[in-house]
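Fold and contact review
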Amino acid sequence: MALFSGENILCFRGERTVFADLSFRIQLGEALVLRGPNGSGKSTLLRLMAGLLKPHDGTITWDGENISDDPEGHNAHLHYVGHADAVKPVLSVHENIVFWANLRANAGPIEAALDAFGIGYLTDVPGRFLSAGQKRRVNLARILASPAELWLLDEPTTALDAEAISDLEREIATHRASGGMVIASTHTEIGLKDARILNLDDFRLTEDAA
Amino acid sequence: MYLYKFGKMIFHKYANPTRFLKLASTIQPWAAAATIGFLLAGLYFALLSSPGDYQQGETVRIMYIHVPAAWMAMFCYTAMAAAAAVGLIWKHPVAELAARATAPIGACFTFLALFTGSLWGKPMWGTWWVWDARLTSVLILFFLYLGYMALSNAFDDPARGSKASSILALVGFVNVPIIKFSVDWWNTLHQPASVIKMDGPAIHASMLIPLILMAFAFKAFYIWVMLMRIRGEINEGKIRALRLRQVHGGPPSRTTILEKTTEGAR
Amino acid sequence: MNTFISIVRRDLQLAMRQGMDSVMVVAFFILAVMLFPFGVGPEANILARIAAGVIWVAALLSSMLSLERLFQIDYEDGSLELLALQPCALEITVMAKITAHWLTTGLPLLIATPLLAVFMSLPSDGFWALLFTLAIGTPSLSLIGAIGAALILGSRRGGVLLSLLVLPLYIPVLIFGVSAVDGAISGLPIKAHLLIMAGLLVAALPLCPWAGAGAIKQALET
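Figured I'd write up the structure that's included with this text. (Residues numbered from 1 in each chain as written. Chains lettered and ligands numbered in written order. Predicted model: local features only at pLDDT ≥ 70, side-chain atom pairs only at ≥ 80, totals over all residues. Heavy atoms only, no water.)

Here's the deal with the pairing of strand S8 (residues 181–185) of chain A
Every other side chain in a regular strand lies on the same face of the sheet, so the side chains alternate between the two faces. All names here are of chain A. In plain terms, the rule: When accessible area is computed with a 1.4 Å probe and restricted to protein chains, residues below 20% of their type maximum are described as buried, those above 50% as exposed, and intermediate ones as partly exposed. Comment: elements are numbered from the N terminus, with helices defined as DSSP H or I runs of at least four residues and strands as E runs of at least two. Strand pairing follows a simple DSSP-based rule, namely that at least 2 bridges must link the two strands.
The element S8 is largely enclosed, with a buried count of five among its five residues. On S8, burial covers both faces: Met181, Ile183 and Ser185 on one face and Val182 and Ala184 on the other are all buried. As defined by bridge partners, strand S3 (residues 31–35) adjoins S8 across four bridges and the pair is classed as parallel. Looking at S8, one finds that Ala31 is bridged to Val182. Pairing between strand S7 (residues 150–154) and S8: five bridges, direction parallel. Counterpart to Trp151 in the pairing with S8 is Val182.

Have a look at this one:
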């Protein structure tokens, strides 16, 4: 049995069916890439996986247990990176990350997380001075600062340059090597070794090896 | 938990808008007929066949509109909160629509109660308005309705609007007794001098008949208009769905797929 | 508990650094009260008669001023969905934000009240009653207001809508607050008023964060 999986998920947005009968499963160490054109429901699926949205039918389970039975427990397993970076303009980069790390039981070293994305030199800079790409790196460093098994990344490469993308690829590989799981939606090619692909295009829900 | 499942069983039957529409179109003409019948009978007794009051004279006839309207003001808010609760707990789409459809009707009855109360107050109290506990509570109730309606229309996504306003309806419902209690308290501290107590001797049958008839007329009117409004909302939803397909549908072949998945899903 | 303190501390830090929120709330409070002598005349008797009501109404309006931003900023910059995805109940997070709201608005209002009592020639018998009712009344206002602030997230019109939702619900707190002060001035026992106000606060403490968290959850379902 897969650690994290969804069965026959049905989701409406307003009067529109975003997807019906969608299933997915992911094991420790695996990566799943969501593909599809705009409006095909990639973000919606990630929000369903995070528990921000509830499916109208079907179940999403973690280790055999429905995630809506214990939402806080599920939250502890995951990190979510959405469209907005949640960087407060008046807090320094360090303060921004420390705040989020302290909400978790297992806060790790902040400096290592910052260095992983090459923003160690920005530690004391207030958020309002950061560029879009730097904010995105802060947001990504946040998920390194307190380890969690499952990463849900919604278009994580937005605003990132080539160097930062390769940093991200390396961190994802490290995360998977230590047994972590990654589910990411992306337009651009992102080099993930043996990632499985879930096509949300045209409701052809094929799951195949890349 | 058992209650939840029990409710799911009962409400599930009418969760399907198509089945509901069928039921609604059967009830609606009966409700319309009942409204007209009760209204004609009620108005005949209220305006022609009942005596004037020995104290209030002919102005007492305002009461035959005012009192049932005030009852309806309370009734509609309760019905709205109940429908909102069903919509929130059992995710029942028609219940959400019913709550939304009830609010403007309730607000109109509340306004009617305030307006007729004011018309009655001028000859009886010599003033259009007094800060009487009952009047004040009804005025606040009117604003609770307005807040609900404003919130339910404040979002681009109507589903979001009905959920937010359902929460507000429940919060308001919990608050109504607290507001009523506090206004009563406040009113006894600042008793207006000119108030004549309404509760005289027990109401005579000749007055009770038109009162009851009018109350039935208003209730039937409520059912009639509410069903009409829910049907309107369902049709609006269909139009929105068509628009969304235009935006998200792409080529026609895909629209058919979407149609099938939706049908299969229901 | 750790989460609660972290969030309160962050919100206080944000309020301190990004501005003058508390200062502006107090400035509005003083200005709003100051308008009344201009409106009704400077006669001390009249001012003393309406002092309790005016100060209470002004405090109520000022505490509503910053309510709109209580969740709105976190909602817009993505912090709110991350807060909802932490391993602690969202109700605790909401309670923490309400606490921070009271510390940055209710408390400064309380501190400014003695000055306004002097401006409005409030009889000295009513002074402690005024302070005490505001001290137990303003937390209730923050709690009730938080529901409204959560409900308007993502709506087309924020501030005006918020006041339409929240003001009717504020009326009981206002009634008991003002009548307690008036009672104290006329030398009547006010224990009942204070107990009812405390009761309102105790009832609002669990219910409002719960309803607010519910409202936030459905706001994030977009």
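Things to note about a nonpolar patch on the surface
Residues and elements named next belong to chain C. The test is simple: Residues qualify for a patch when their relative accessible area is over 30% and they have no salt bridge, like charges being joined within 9 Å and the nonpolar side chains of Val, Leu, Ile, Met, Phe, Trp and Tyr within 5 Å. The accessible surface values rely on the Shrake-Rupley method and a 1.4 Å probe; as for residues, cover is taken only from the protein chains in view. Criterion for a salt bridge: a side-chain nitrogen of Lys or Arg within 4 Å of a carboxyl oxygen of Asp or Glu.
Together, Leu31, Met34, Leu35, Phe36, Phe38, Val40, Ile46, Leu115, Val118 and Phe119 make up a nonpolar patch on the protein surface, roughly 950 Å² of accessible area in all. Every element with two or more residues in the nonpolar patch is listed here: helix H2 (21–40) and helix H6 (90–119). Top element by residues in the nonpolar patch is H2. It accounts for six residues.

Observations concerning the nonpolar core
As a reminder, the rule being used: Nonpolar core, defined: a set of buried Ala, Val, Leu, Ile, Met, Phe, Trp, Tyr and Cys residues in which side-chain atoms within 4.5 Å join the residues together. By definition, residues are in contact when any of their heavy atoms lie within 4.5 Å.
Residues Phe4 and Ile183 of chain A together with Phe71 of chain C are the most contacted members of the largest nonpolar core, which totals 174 residues. Look past the residues within four positions of Ile183 of chain A in its chain and what remains in contact with it is Phe4, Ile26, Leu32, Leu34, Leu46, Met49, Leu150, Trp151, Leu152 and Leu153 of chain A. Counting 33 residues, the second-largest nonpolar core is a separate cluster that includes Val33, Val87, Phe117 and Leu130 of chain A.

Regarding the interface of chain C and chain A
We count it as follows: Two parts placed together each lose some accessible area under a 1.4 Å probe, and adding up what both lose gives the buried area. Within 3.5 Å is the distance limit for a polar contact, defined as a pair of N or O atoms, with the added protein rule that one can donate a hydrogen and the other accept it, and that residues adjacent in sequence qualify only through two side-chain atoms. Gly is placed with the polar residues, together with every amino acid not listed as nonpolar (Ala, Val, Leu, Ile, Met, Phe, Trp, Tyr, Cys and Pro) or charged (Asp, Glu, Lys and Arg).
Tallying the contact residues gives 27 residues for chain C and 26 residues for chain A. Summed over both sides, the interface between chain C and chain A buries roughly 2500 Å², with carbon and sulfur atoms accounting for 59% of that surface. Counting across the interface, chain C meets chain A through four salt bridges. Glu81 of chain C is the salt-bridge partner of Arg47 of chain A, the closest N and O atoms lying 2.9 Å from each other. Taken together, chain C and chain A are joined by 10 residue pairs in polar contact (both at pLDDT 80 or more). Where the side of chain C that touches chain A is concerned, the elements lending two or more residues are helix H1 (2–17), helix H4 (69–76) and helix H5 (79–84) of chain C. Ranked by residues supplied to the side of chain C that touches chain A, first place goes to H1 of chain C with seven residues. The residue inventory of the side of chain C that touches chain A, partitioned by class, reads 12 nonpolar, eight polar and seven charged.

Observations concerning helix H1 (residues 42–50) of chain A
In terms of burial, H1 of chain A is a largely internal element, eight of the nine residues being buried. Immediately beyond the C-terminal end of H1 of chain A, within one or two residues, lies Gly51 of chain A, with a positive phi of roughly 90°.

Observations regarding the side chain of His66 of chain B
Residues and elements named next belong to chain B. Residue placement: His66 occurs in helix H3 (residues 63–90). Polar contacts involving the side chain of His66 include one to the side chain of Thr116, which spans 3.0 Å. When sequence neighbours within four positions are dropped, the list of residues in contact with His66 reads Ala113, Thr116 and Gly117.

Considerations on the packing of aromatic side chains
Residue and element names in this part refer to chain B. What counts is decided by this rule: Stacked, edge-to-face and tilted labels apply to pairs of Phe, Tyr and Trp rings (six-membered ring for Trp) whose centres lie within 6.5 Å, assigned for plane angles under 30 degrees, over 60, and everything in between, in that order. Any Lys NZ or Arg CZ found within 6 Å of a ring centre and within 35 degrees of that ring's normal is scored as a charge over the ring.
With the rule as written, the count across this model stands at 19 aromatic pairs over all chains. Measuring from ring centre to ring centre gives 6.0 Å for Phe111 and Phe115, while their planes differ by 15°; the resulting arrangement is stacked. Of the two residues, Phe111 and Phe115 both sit in helix H4 (residues 93–125), four residues apart, roughly one turn of that helix. The partly exposed category is assigned to Phe111, whose relative accessible area is 47%. By relative accessible area, which is 46% here, Phe115 ends up partly exposed. Measuring from ring centre to ring centre gives 6.1 Å for Phe111 and Phe142, while their planes differ by 40°; the resulting arrangement is tilted. You can see Phe111 sitting in helix H4 and its partner Phe142 sitting in helix H5 (residues 133–152), a full 31 residues away along the chain. An aromatic cluster of three or more residues is present, and its members are Phe109, Phe218, Phe221 and Trp224. One cation-aromatic arrangement involves Lys219 over Phe75; the distance from NZ or CZ to the ring centre is 4.2 Å.

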